[in-house]
Amino acid sequence: MPTKRMMEPFWWALFGAGGTVAALLVPIHLFLQGIAAPLGWVSINPTLFGHLLVKLYLFVLISLPLYHWAHRFRYTLYDLGVKGMRQPIAVLCYGIAVVGTIVTAWILWRG
Amino acid sequence: MTAARPDRPKMFQPKMPANWWLKHPKYFLFMLRELSSVFIAIFLVVFLIQIAQLLRGPAAYKAFVQTLRAPGWIIFHIVAFLFALYHSITWFEAASKILVIRRGEHRVPPQDVVAVGFTAWGVVSFVILVLVLLLRS
Amino acid sequence: MSEPTVTLHVTRYHPEHDSAPRRQSYSVPYRQDWVVLDALNYIKDQIDGTLTFRWSCRMGVCGSCGMMVNGVPRLTCAAFLREYYPHEIRVEPLTNFPIMRDLVIDMSDFMEKLRSVKPWIIRDEEKPLEEGEYLQTPAELEQYKQFSMCINCMLCYAACPVYGLEPEFVGPAAIALAQRYNLDSRDQGHKQRGPVIASHEGIWDCTFVGECSEVCPKSVDPAGAIQQAKVTTTNEWFKSLLLPWGKR
């Protein structure tokens, strides 16, 4: 085993989890919140969002796919030929995902 | 790696063009798949703001939903929706290559894994749709 | 009665007098049962003896005749003229490799990468001969059989944009072959291959474009092999983190 533990498998695991959550849940929520609700086809019940279970669900739904984005976007920048900045790009991408996770938790918690 | 040796003639090292992903339809589709993660992330941020406004109160929420009625936002969400569909489809296809389930010599056909993924996707989406409609205000 | 013909545009590069590759066009007979390799051999035998290219078995098992045909990595012994006729056919050396001469590329980088993954059975201790062969059930064979079909033709490296962008990338075939041995019940060398496979230049550079598996003439599915290696490596990572006392 390497003496310095590489973090790659950890981010990949989050990427996989986030991508699966996104694949299963994002399309329907996108349709409901982004198209149906604004156009008045459906009205979301606000009291739903007070529930702890709903908040946990929303936390997973929003924060996990951020890691899917971070990992994918990091490697897309590599694939677009961005060289010599591999470390900063990785830190930036995962950093944004972590910040997003904290903000999501805070918004859901204080609400 | 390709240094010319005295006993070897000069080799020609081709350079990878910066727009390599525009050179082949398959490469372009790959880039679209990767790009889908950006649209999904942006939607989730908008969704989070929507929730934040909803938790502030009905007036704030109503105002935000009004903003989302703007044609620009509707178009964004339609485009993001198409990208999200593309992500889901390619995700389950990819999963079928990774999830190798074997019983003795027999391997579960990849198409079956894709079918399970698509079914789960359909069921989950339907359940959420029903819940939202049943529990609407 | 004149025979139908097809035009081939072939990359030429003679380093003794060329500074860069150029294209030369040849008109060859179009025959229903001819492959691109037949056309190249016709050119060499009848038109231009200076054309240089690799080939051997002409039946898709040796892996020698890989080239770009109309921008797609193909075994030229398996690419029929009738797939392209009456359109013109562009024949170029495999992408992402240095060009030595005409259609011949330098494969030393691939050979080095292949060697680095130790593609052979590794045992902690060899059984003495008197004890007989290492036995294996059909089910155990199935675990790795698909990955053992690789003929080292390097079409996957030509198709892989990551290999083009990142020359250090170990690449599809080498990783698939490492998996072939890691999954072989007779092998005990998983740990020894780890430093090469589970490194940044190994599985983690791969972004699952998937073109390697698309072009593979033996359906090895190196993309699948790489992603499966990511799963295994990730599982081990979490295990060693959460169960550090575990015997590993």
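So, a few notes on the structure that sits alongside this text.

Rules used throughout
- All chains use their own residue numbering, which begins from 1 and follows the written sequence.
- Each chain gets a letter, beginning with A, and each ligand a number, beginning with 1, in the order they are written.
- The predicted nature of this model means local features are confined to residues of pLDDT at least 70 and side-chain atom pairs, given and counted, to a pLDDT of 80 or more, with totals for whole chains, interfaces and linings taken over all residues.
- For the side-chain quantities, the full set of heavy atoms in the structure was used; hydrogens and water were omitted.
- For the purposes of this entry, the term helix denotes a DSSP run of H or I that reaches at least four residues, the term strand denotes a run of E that reaches at least two, and both are numbered from the N terminus.
- By definition, residues are in contact when any of their heavy atoms lie within 4.5 Å.
- Exposure is judged per residue with a 1.4 Å probe applied to protein chains only, and the accessible area is read against the type maximum: over 50% gives exposed, under 20% gives buried, and values in between give partly exposed.
- Salt bridge, as applied in this entry: a Lys or Arg side-chain nitrogen positioned within 4 Å of an Asp or Glu carboxyl oxygen.
- Classification of ring pairs rests on two measures: the distance between centres of Phe, Tyr or Trp rings, Trp counted by its six-membered ring, which must be within 6.5 Å, and the angle between planes, read as stacked under 30 degrees, edge-to-face over 60 and tilted in between.
- For a lysine, the NZ atom is tested; for an arginine, the CZ atom; a charge sits over a ring if that atom is within 6 Å of the ring centre and within 35 degrees of the ring normal.
- Here a polar contact is taken to be a pair of N or O atoms separated by no more than 3.5 Å, where protein atoms must pair a possible hydrogen donor with a possible acceptor and residues adjacent in sequence count only if both atoms sit in side chains.
- Note: buried area is the sum, over both parts, of the accessible area (probe 1.4 Å) each one loses when the two are combined.
- Residue polarity is assigned by list, with Asp, Glu, Lys and Arg as charged and Ala, Val, Leu, Ile, Met, Phe, Trp, Tyr, Cys and Pro as nonpolar; anything else, Gly included, falls into the polar class.

1. Side note on the environment of Gln32(C)
Residue and element names in this part refer to chain C. Tracing the backbone shows glutamine 32 in the loop between β2 (22-29) and α1 (36-47). A C-alpha to C-alpha distance of 20 Å links glutamine 32 and cysteine 57, two positions 25 residues apart in sequence. Look past the residues within four positions of glutamine 32 in its chain and what remains in contact with it is Phe80 and Arg82.

2. Considering the environment of Phe31(A)
Inspection of the secondary structure assignment puts Phe31(A) in helix α1 (residues 8-36). For Phe31(A), a relative accessible area of 27% gives the class partly exposed. Excluding anything up to four places from it in sequence, Phe31(A) contacts Ala36(A), Trp41(A) and Phe81(B).

3. Describing the pattern of salt bridges
Counted by the stated rule, this structure contains 19 salt bridges over all chains. Among the salt bridges present, the one from Arg31(C) reaches Glu3(C), with a minimum N-O distance of 2.7 Å. With Arg31(C) in the loop between β2 and α1 and Glu3(C) in the segment before β1 (5-12), this residue pair connects regions lying 28 residues apart in the sequence. With a shortest N-O distance of 3.1 Å, Arg23(C) and Glu92(C) are connected by a salt bridge. Residue Arg23(C) is located in strand β2, and its partner Glu92(C) is located in strand β5 (residues 89-92); the two are separated by 69 residues in the primary sequence. When salt bridges that share partners are traced, they join Arg72(A), Arg33(B) and Glu34(B) into one network.

4. A short note on the environment of Ala198(C)
Examined against the element boundaries, Ala198(C) turns out to sit in the loop between α7 (190-197) and α8 (211-215). When the C-alpha atoms of Ala198(C) and Ala229(C) are compared, they prove to be 8.1 Å apart, with 31 residues separating the residues in sequence. When sequence neighbours within four positions are dropped, the list of residues in contact with Ala198(C) reads Met6(A), Ile203(C), Trp204(C) and Thr233(C).

5. A few points about the packing of aromatic side chains
In total, this model carries 29 aromatic pairs over all chains according to the counting rule given. With 6.4 Å between their ring centres and 10° between their planes, Trp21(B) and Phe28(B) make a pair best called stacked. Ring geometry for Trp34(C) and Tyr42(C): centres 5.8 Å apart, planes at 50°, overall tilted. Exposure remark for Trp34(C): the relative accessible area of 14% places this residue in the buried category. Put simply, the rings of Phe10(A), Trp11(A), Tyr67(A), Tyr94(A), Trp237(C) and Phe238(C) touch in pairs and so form one group of aromatic residues. The aromatic ring of Trp237(C) is capped on one face by Arg5(A), whose charged end is 5.2 Å from the ring centroid. Here the basic side chain of Arg180(C) rests over the ring of Tyr181(C), its NZ or CZ set 4.0 Å away from the ring centre.

6. Things to note about the side chain of Asp106(C)
You can see Asp106(C) is positioned in the loop between β7 (104-105) and α2 (108-116). At 2.8 Å, the side chain of Asp106(C) forms a polar contact with the side chain of Ser108(C).

7. A short note on the interface of chain B and chain A
Taken together, the contact pairs 47 residues of chain B with 46 residues of chain A. Surface buried jointly by chain B and chain A totals about 4,400 Å² across both partners, of which 77% is contributed by carbon and sulfur atoms. Summed over the shared surface of chain B and chain A, the number is one salt bridge. Arg72(A) is the salt-bridge partner of Glu34(B), the closest N and O atoms lying 3.1 Å from each other. Counting the contacts that link chain B with chain A gives 11 residue pairs in polar contact (both at pLDDT 80 or more). Those elements that provide at least two residues to the side of chain B that touches chain A are α1 (25-56), α2 (58-67), α3 (71-98) and α4 (110-134) of chain B. Tallying contributions element by element places α1(B) first for the side of chain B that touches chain A, with 18 residues. Taken together, the residues of the side of chain B that touches chain A sort by class into 34 nonpolar, nine polar and four charged.

8. Remarks on the side chain of Ser63(A)
All names here are of chain A. With respect to the element layout, serine 63 can be found in helix α2 (residues 52-79). Residue classification places serine 63 among the buried residues on the basis of a relative accessible area of 4%. From its side chain, serine 63 meets the backbone oxygen of phenylalanine 59 in a polar contact 2.5 Å long.

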